[in-house]
Amino acid sequence: MWHTMEMKRFFIKNYGCQMNSYDSSRISDLLVKEKYVQANKITEADIVIFNTCSIREKADEKLFSDLGRARLLKVKAQSAYSDFLIVVTGCVAQLQPERLVEKAPYVDIIIGPREIHRITQCLDEALRHPSAAPKILTDQTNQDKFSCYDEAQSLQQGETSMFLTIQEGCDNFCSYCVVPRTRGREFSRDAADVLKEARQLLSRGTKEIVLLGQNVNSYRGVGLDGKSWNLSRLLFALAELDELKRLRYFTSHPKDLDEGMARAHGEINILAPSLHLPVQSGSDDVLERMNRKYSRADYLGCIDLLRSRRPDMAFSSDFIVGFPGETDNDFQETLRLVETVKFSQAYSFKYSQRPNTAAERMEGQIPENVKSERLTILQEILNFQQDQFNQNCIGRYLEVLITKRGRHENQWNGRSEYSQAVAVEDNSLSAGDLVLVKITDRLSHSLVGVVEK
Ligand code: SF4
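Residues numbered from 1 in each chain as written. Predicted model: local features only at pLDDT ≥ 70, side-chain atom pairs only at ≥ 80, totals over all residues. Heavy atoms only, no water.

1. A look at the overall build of the protein chain
No. 1: When helices and strands are tallied, the protein chain shows 14 helices and 21 strands.
No. 2: Compactness check: the protein chain gives a C-alpha radius of gyration of 23 Å against a globular reference of 22 Å for 453 residues, within 12% of the reference.
No. 3: Dimensions along the principal axes, computed over C-alpha positions, put the protein chain at roughly 65 × 60 × 50 Å.
No. 4: Every one of the 453 residues in the protein chain was classed for burial, and the buried ones make up 55%.
No. 5: Partitioning the contacts of the protein chain with sequence separation of at least 6, the portion at a separation of at least 24 is 73%.
No. 6: When the accessible area of the protein chain is evaluated, it comes to approximately 20,000 Å², of which 50% is carbon and sulfur surface.
No. 7: Separation between the mean location of the 59 positive side-chain charges and that of the 63 negative ones in the protein chain comes to 3 Å. (Helix = DSSP H or I, 4+ residues; strand = E, 2+ residues; numbered from the N terminus. Rg over C-alpha atoms; globule rule 2.2 N^0.38 Å. Buried < 20%, exposed > 50% of the residue type's maximum accessible area, 1.4 Å probe, protein only. Contact = heavy atoms within 4.5 Å. Areas by Shrake-Rupley, 256 points an atom, 1.4 Å probe, with all protein chains shown as cover. Lys, Arg positive; Asp, Glu negative; His and termini not counted. Charge placed at Lys NZ, Arg CZ, Asp CG, Glu CD.)

Have a look at this one:
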């Protein structure tokens, strides 16, 4: 199964967030540039890369069962005198390299998120000098990643919608979160590099760009004028790119939401009127213990500020139930906040203890059954709100970015300005078209409509 040097095949399995998806696509660019070939199935590969997530316990468990399967492929390859490399990148690699070596000693290379641009060098070394000990790279001060990405410009045709990471790392240290330890201190790319990558994406057919950052609205990059630019300044610069039809950004922190961002939503037409703004809880006591650095009133103030500039603005959010010490009344506060904002979409989870976080050591850990009860109650309300939001779109005209063909003949799928999935029947469309659609019906998780001619 071993291929000659120029035929090495790699397979990437991605876990977790959009930033991991972005990193996985850039790893693929780096390898293709070095004449590696992307395999469609893990069984066709000589090199398997797991780009991992460590946000919740379940994510770890999933990885170790996948590693077990990769080990069998490795044993089979080696019995045929073929090399087979297993690489673990991403947040588990950064957070628990020793545990990885202990539980999966057959892993060859372990690389943290800030060092993944060195993957080709590591593969070359491992192929030329197979060694017993895994190679481990977890330095978090390295900021070369993006400049290496720039050199490996993707040769592939761009998707209609593409991610573009502008900021990495987090300095907030919410008491339940491992990200500051897996992704390091906040780092913002220069605006010139972001604009260059945006133009390259647009030149390859992309129409929508989704800016990514752990705290995308704490972006502070060097601007074209040499001064420090924040997110709103960058949004106005990107909005000047003619071919760009839609702009989004992900994930914002309420404490960094400012007047500039409200003005951007009020003045930039291509900026989507939907914002993901994680609140986590509606209780000030819980927000304090989470170290979220804003109060319930601050959060509602952000919503009002944005709606004052863009009345048709919709919000999605993240929630954690069962945080240590969360009382029934705290939980009721969360439900009251949900009723006040009325979210178009939301993600909600039971609190999951993460190693070496402040919350892990907190008193008042909530029993699993109480967490489950609260999650059920919350999700019922959030699902009802999402359904109401979709129901209220019937009869409205939404701007839909067509992304791909649907299952039926002449059917096309796309995304509305509120990120809703929309299906239309029309034989004159193609991917990348931005069309006005009259919404005629809603299904469980999508809308149906007719293209306005
Ligand atoms: S803001 Fe908080 S939850 Fe978000 S990545 Fe940073 S530490 Fe984690």
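Next, the rest of the story.
2. Comments concerning the pattern of salt bridges
No. 1: This model, assessed by the stated rule, comprises 31 salt bridges.
No. 2: Where Arg183 meets Asp23, a salt bridge forms, and the shortest distance between an N and an O atom there is 3.0 Å. A residue pair is termed long-range when its members are at least 10 positions apart, and Arg183 in helix α7 (residues 179-183) and Asp23 in helix α1 (residues 18-33) qualify at 160 residues. Both residues of the pair, Arg183 and Asp23, belong to the buried class.
No. 3: Here Glu115 ties to Arg118 by a salt bridge, and the two come within 3.3 Å at their closest N and O atoms.
No. 4: A relative accessible area of 2% places Glu115 in the buried class.
No. 5: Residue Arg118 is classed as partly exposed on the basis of its relative accessible area, which comes to 25%.
No. 6: Among the charged side chains, a network of salt bridges with common partners joins Asp23, Arg114, Lys145, Glu168 and Arg183. (Salt bridge = Lys/Arg side-chain N within 4 Å of Asp/Glu carboxyl O.)

3. A short note on the sheet that holds strand β14 (residues 274-276)
No. 1: Taken together, 3 strands build an open sheet; the order of strands is β14-β15-β16 and the sheet is parallel. Only two strands of the sheet have a single neighbouring strand rather than two, namely β14 and β16 (345-350). Direction aside, neighbouring strands of the sheet carry axes that sit 10° apart on average.
No. 2: In this sheet, strand β15 (residues 314-321) lies alongside β14 in parallel orientation, the contact comprising 3 bridges. Note on β15: the bridge partner recorded for His276 is Ser316.
No. 3: Each of β15 and β16 is contacted by helix α14 (residues 368-391), which is oriented at about 175° to β16, the strand it contacts most. (Pairing = 2+ DSSP bridges. Axes fitted to C-alpha atoms, helices over the stretch in contact; angles between N-to-C directions.)

4. Description of the sheet that holds strand β17 (residues 397-405)
No. 1: Taking strand neighbours around the barrel as the criterion, the 5 strands line up as β17-β18-β19-β21-β20 in a closed arrangement whose pairing is mixed. Across this sheet, the average inter-strand angle for adjacent strands is 55°, counted without regard to direction.
No. 2: Bridge count between strand β19 (residues 421-425) and strand β21 (residues 446-451): 4 bridges; the pairing is parallel. Of the residues in β21, the one forming a bridge with Ala421 is Ser446.

5. Quick word on the pairing of strand β20 (residues 434-442)
No. 1: Relative to β20, β17 is paired through 5 bridges, and the arrangement is antiparallel. Bridge assignment links Tyr397 to a residue of β20, and that residue is Lys438.
No. 2: Sheet topology places β20 next to β21; 5 bridges connect them, and they run antiparallel. Looking at β21, one finds that Val437 is bridged to Val451.

6. Quick notes on helix α10 (residues 259-267)
No. 1: Gly260, Met261, Ala262, Ala264 and His265 are the residues of α10 that are buried.
No. 2: For α10, the secondary structure elements touched by its buried residues are α9 (231-238), β13 (246-250) and α12 (296-309).

7. Topic: the site of the ligand
No. 1: Around the ligand, the structure places Cys170, Asn172, Phe173, Cys174, Tyr176, Cys177, Val179, Pro180, Asn215, His253 and Arg292.
No. 2: A breakdown of the residues in the shell around the ligand according to their chemical character gives 7 nonpolar, 3 polar and 1 charged. (Near = heavy atom within 4 Å. Nonpolar A, V, L, I, M, F, W, Y, C, P; charged D, E, K, R; others polar.)

8. Side note on the packing of aromatic side chains
No. 1: Taken as a whole and judged by the stated rule, the model has 7 aromatic pairs.
No. 2: Geometrically, the ring pair formed by Tyr15 and Phe50 is tilted, given 6.4 Å between the ring centres and 45° between the ring planes. Remark: Phe50 occurs in strand β3 (residues 47-52) and Tyr15 occurs in the loop between β1 (9-14) and α1; sequence separation between them is 35 residues. Note on accessibility: Tyr15 and Phe50 belong to one class, buried.
No. 3: One cation-aromatic arrangement involves Lys103 over Phe64; the distance from NZ or CZ to the ring centre is 4.1 Å.
No. 4: If you follow Arg233 out to its NZ or CZ, it ends over the ring of Trp229, 4.0 Å from the centre. (Phe/Tyr/Trp six-rings, centres within 6.5 Å; stacked < 30°, edge-to-face > 60°. Lys NZ or Arg CZ within 6 Å of the ring centre and 35° of its normal.)

9. Overview of the side chain of Ser24
No. 1: For Ser24, the location among the structural elements is in helix α1.
No. 2: Once residues lying within four places of it in the same chain are set aside, the contact partners of Ser24 are Ile12, Asn14 and Asn51.

10. Section: the environment of Cys302
No. 1: Relative to the elements of secondary structure, Cys302 occurs in helix α12.
No. 2: By relative accessible area, Cys302 is classed as buried at 8%.
No. 3: In this structure, the C-alpha to C-alpha distance between Cys302 and Cys91, residues 211 residues apart in sequence, is 30 Å.
No. 4: Setting aside residues no more than four positions away along its own chain, Cys302 makes contact with Pro254, Leu257 and Leu277.

Such coordinate-based values are descriptive only and should not be taken to indicate function.
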